[in-house]
Amino acid sequence: METKEKKPLEKVCIICAKGNLEDVYASLVMANGAVMEGIETNLFFTFFGLEGITKKSMNHLHTATTGNPAMKMPGGIPFPTMLGGLPGVESAVSSMMRKQMDELGMPPVDEFLEMITAGGGMIYACKLAVDMFKLSKEDLSEEVTDIITIGEFYELCDGDRTQIIFT
Amino acid sequence: MEKVIAGKSVDVDTNGYLTDLSQWNKDIAIEIGNEEGINEVTPKHFEVLTYLQEQYKKDIALTIRGVGKSGVVDIKELYTLFPKGPLKISSKMAGIPRPKSCI
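These numbers come from a predicted model, not from an experiment.

Caption draft 1: Representation of the overall build of chain B in the model. Regarding its fold elements, chain B presents five helices and two strands. Secondary structure of chain B in N-to-C order comes out as β-β-α-α-α-α-α. What you see for chain B is a C-alpha radius of gyration of 13 Å, in line with the 13 Å of a compact globule of 103 residues. The dimensions of chain B, computed from C-alpha atoms along their principal axes, are 35 × 30 × 20 Å. If you take every contact in chain B between residues at least 6 apart in sequence, the share linking residues at least 24 apart comes to 51%. Here chain B has roughly 5400 Å² of accessible surface; of this, 50% comes from carbon and sulfur atoms.

Caption draft 2: Representation of the packing of aromatic side chains. All names here are of chain A. In the structure shown here, the tally under the stated rule is four aromatic pairs over all chains. Consider the rings of Phe48 and Phe133, whose centres lie 5.3 Å apart with planes at 55°: the pair is tilted. Within this pair, whereas Phe48 is found in the loop between β2 (40-45) and α2 (81-84), its partner Phe133 is found in the loop between α5 (127-132) and β4 (146-148), the two being separated by 85 residues in sequence. Of the aromatic side chains, those joined through ring pairs into one cluster are Phe44, Phe153 and Tyr154.

Caption draft 3: Just the side chain of Lys11(A), in detail. You can see Lys11(A) is positioned in strand β1 (residues 11-16). Ignoring sequence-local partners within four residues, the contact set of Lys11(A) consists of Ile39(A), Glu40(A), Asn42(A), Leu156(A), Cys157(A), Asp158(A), Arg161(A), Thr162(A) and Gln163(A).

Caption draft 4: How the structure looks around unusual backbone geometry. Unlike most non-glycine residues, Lys134(A) shows phi in positive territory, near 55°. Within the chain, Asp59(B) stands out as a residue other than glycine whose phi angle is a positive 70°. With relative accessibility at 70%, the residue Asp59(B) sits in the exposed group.

Caption draft 5: Broad picture of the interface of chain A and chain B. Across the contact, 15 residues belong to chain A and 15 residues belong to chain B. Carbon and sulfur atoms supply 59% of the area buried between chain A and chain B, which totals about 1200 Å² over both sides. Its largest share of buried area at the contact with chain B, chain A owes to Met36(A), Met115(A) and Ala118(A), together 43% of the area lost on that side. Connecting chain A to chain B are three salt bridges. Looking at the side of chain A that touches chain B, the elements with two or more residues in it are α1 (21-36) and α4 (109-118) of chain A.

Caption draft 6: Geometry of the pattern of salt bridges. Counted under the stated rule, the structure contains 11 salt bridges over all chains. With its nearest N and O atoms 2.8 Å apart, the salt bridge here joins Glu111(A) to Arg65(B). Of this pair, Glu111(A) sits in helix α4 while Arg65(B) sits in helix α3 (residues 64-68), each in a different chain. Considered together, Glu111(A) and Arg65(B) belong to a single accessibility category, that of buried residues. With a shortest N-O distance of 3.6 Å, Lys3(B) and Glu35(B) are connected by a salt bridge.

About the criteria used
Residues numbered from 1 in each chain as written. Chains lettered and ligands numbered in written order. Predicted model: local features only at pLDDT ≥ 70, side-chain atom pairs only at ≥ 80, totals over all residues. Heavy atoms only, no water. Helix = DSSP H or I, 4+ residues; strand = E, 2+ residues; numbered from the N terminus. Rg over C-alpha atoms; globule rule 2.2 N^0.38 Å. Contact = heavy atoms within 4.5 Å. Areas by Shrake-Rupley, 256 points an atom, 1.4 Å probe, with all protein chains shown as cover. Phe/Tyr/Trp six-rings, centres within 6.5 Å; stacked < 30°, edge-to-face > 60°. Buried < 20%, exposed > 50% of the residue type's maximum accessible area, 1.4 Å probe, protein only. Buried area = accessible area lost by both parts, 1.4 Å probe. Salt bridge = Lys/Arg side-chain N within 4 Å of Asp/Glu carboxyl O.

What follows is the structure in structure tokens.
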């Protein structure tokens with residue numbers, strides 16, 4: 001029998017470029033999961049993804065109620081796009097979704113970031129996007145290690161058992 | 001599958017997790033810990049293992065977050081005690097199944 005050597009992942013570099021509730025959580029779950037497996041982890045937030053590490057917005061992220069064909073009403077009926085555009089609907093749906101996530105034991109974003117850094121994961125913000133949105137280090141979560149350029153990010157992605165994941 | 005750990009023959013799954021908690025003892029925990037790169041298994045380690053076993057007996061699913069809020073250890077300490085897989089390695093040492101948690 002041929003034996004094949006396993007080459008486990010040693011490092012993941014995850015890029016979060018979108019600020020929807022589900023996009024930010026996808027990145028957080030993947031990053032935290034990697035940290036839990038003992039994989040070196042860098043999490044890089046850019047463009048609207050910065051919402052996920054901006055103190056003011058990170059615990060109030062929204063999910064899109066328009067332009068989201070997977071959106072369902074409770075009970076599984078498709079969610080009418082027209083309804084999704086009404087004032088307050090997106091907020092209500094988003095807070096309902098956050099509540100459900102909480103019931104499943106998913107932590108709020110600030111706590112999730114703390115869990116990642118407690119395990120040695122690193123969190124970075126994209127310099128270009130920070131400048132574009134006129135933010136500064138003070139606006140960002142304390143868990144953010146640094147504001148870095150894309151070049152510096154690639155430097156962090158060295159090693160032949162490293163994967164870059166764009167969510 | 002049977003495996004001899006710390007001089008005792010125990011039943012384990014393919015990943016080396018004990019399938020019967022009643023076969024567990026402290027020497028087994030120490031030997032599994034050593035195999036996983038934890039050279040010194042301290043009383044603090046055992047505090048965590050005891051907590052995990054209690055939760056398992058109560059049928060409560062384990063998460064890092066839950067252990068962090070248990071009052072036994074915080075998340076940072078948990079990673080210091082069991083580097084490279086806090087929940088995975090601690091469960092293995094505690095003689096309980098591999099946790100099925102994503103968080």
